[in-house]
Amino acid sequence: MTYFWRRKKEDAFSASVLGLDKSIEELKAQEAAVEREFGVRFSRAIEKTRHSINARLDSIFENRKQIDDEFLDELEEMLISTDIGVATTMQILDSVRRGVSRAEINDLRALKAAMKSELLAILHHSEGSGVASETEVSDAIKPYVLMVVGVNGVGKTTTIGKLAQRIKDEGNDVLICAADTFRAAASDQLEIWAGRAGVQIVQQKEGTDPAAVLFDSLKASKARNADVLIVDTAGRLHNKAHLMAELEKMKRVAGREVEGAPHETLLVIDAVTGQNGLEQARQFLKTADVTGIVLTKLDGTAKGGIAVAIAKELNLPIRYVGIGEHVDDLTVFDPETYVNGLFD
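Residues numbered from 1 in each chain as written. Predicted model: local features only at pLDDT ≥ 70, side-chain atom pairs only at ≥ 80, totals over all residues. Heavy atoms only, no water.

1. Quick word on the overall build of the protein
When helices and strands are counted, the protein shows 13 helices and eight strands. For the protein, with 344 residues in total, the buried portion stands at 54%. (Helix = DSSP H or I, 4+ residues; strand = E, 2+ residues; numbered from the N terminus. Buried < 20%, exposed > 50% of the residue type's maximum accessible area, 1.4 Å probe, protein only.)

Structure follows, in structure tokens:
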């Protein structure tokens, strides 16, 4: 089972959400049902991409007796159209050519199996860098500091609200730090999401030093014995030097107050922007110590192959994906579920 957030004991989510008057078996069954529901919703979110891939594969494979150069050219065009990316496309095509030369690929089923294998290899390889799981940090370290960065308009604020909801639902005490003090109404928007999630927020007036807001939030987290502190940051572009310097200052403050903080720095990317969003991310990573990716609006594009391009070219794990607009429409990115969903 893929859990969203595992900082508390195994039955914490069940106890806090489903009640203490049930047996462990009943709680686990309900917990599994919740995860299955998210699996179904995730599959629906990539339905446009799945339809595009399968329809094109069926079309270019139709009435062919063999996989030839013409077929491979059409396959290349199809893969690039889903925003999988040139590097990933070339890797898949090389694998297919090897399979054809060994007579291992001679029908559509074998072709899909080979493609799935390559995609999974790319996604799993990316988990070797950054932070693939919050369990890498000892539970004894509190609060767990999770910083969220990204340009304006990618869904950073809504992502923080959804993160807070899911982390809280698994039995954790969550606090939000509203350190985006540069954008008008940013703190107000985050306050609305904090209210929806039922978590507390630390905020100050517009124009306040973001590092000072973070310092106060860290102190408040310790005083309230919070498990997790989620830190909003100013929506910044990679070429805004003063904002990048401010981010570094915030990291220094966090590290002085809590061992190893920030424990994660998540970069939010809008899936709808495709390769443009990926280019932004490449530039961003030159100056920001990002440990993982949140991919938003995956349900709004037929080019959901961008998830693979991100994993391969940024060499960072995709931690979560946004699959809708509601407070609970955020889920763990699971490579197997994703790849199977693209083809099955």
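2. Some details on the sheet that holds strand β4 (residues 228-232)
Strand pairing in a sheet relies on backbone hydrogen bonds. The paired strands run either parallel or antiparallel. Here we have eight strands laid out as an open sheet, ordered β3-β2-β4-β1-β5-β6-β7-β8, and mixed in their pairing. Edge positions in the open sheet fall to β3 (200-202) and β8 (330-332), since each of these has one partner strand only. Recorded for the sheet is a direction-independent mean angle of 25 degrees between the axes of neighbouring strands. One ladder, built from five bridges, connects strand β1 (residues 144-149) with β4; its direction is parallel. (Pairing = 2+ DSSP bridges. Axes fitted to C-alpha atoms, helices over the stretch in contact; angles between N-to-C directions.)

3. Focus: the packing of helix α5 (residues 86-101) against helix α12 (residues 306-314)
Running from N to C, α5 and α12 cross one another at 95 degrees; their axes reach a closest spacing of 8 Å. Taken as axis vectors, α5 and α12 run roughly perpendicular relative to one another. Touching A87, T88 and Q91 of α5 are V308, A309 and K312, all from α12. Counted by class, the contact of α5 with α12 contains three nonpolar, two polar and one charged residues. (Parallel < 35°, antiparallel > 145°, perpendicular 65-115°, else oblique. Contact = heavy atoms within 4.5 Å. Nonpolar A, V, L, I, M, F, W, Y, C, P; charged D, E, K, R; others polar.)

4. What about the side chain of S187?
In this fold, S187 is placed in helix α8 (residues 186-197). The exposure class of S187 is buried, given its relative accessible area of 15%. Discounting residues that sit within four places of it in the chain, S187 has contacts with A178, D180, I201 and Q203.

5. Some remarks on the nonpolar core
Counting 103 residues, the largest nonpolar core has L57, L75, L111, L295 and Y338 as its most contacted members. If we skip the residues at most four places from it in the chain, L295 touches I269, A271, I306, A307, I310, I318, Y320, V321 and G322. (Core = buried A, V, L, I, M, F, W, Y, C linked by side-chain atoms within 4.5 Å.)

6. Considering unusual backbone geometry
The peptide bond linking K142 to P143 adopts the cis configuration, its omega dihedral lying at -5 degrees. When you line up the elements, P143 lands in the loop between α6 (108-126) and β1. In this chain, A261 is followed by P262 through a cis amide linkage whose omega measures -5 degrees. Inspection of the secondary structure assignment puts P262 in the loop between α10 (241-257) and β5 (264-270). Positive phi values are uncommon outside glycine, yet A103 reaches one of about 60 degrees. Tracing the chain through its elements places A103 in the loop between α5 and α6. Even without a glycine there, the phi angle at N315 is positive, about 55 degrees.

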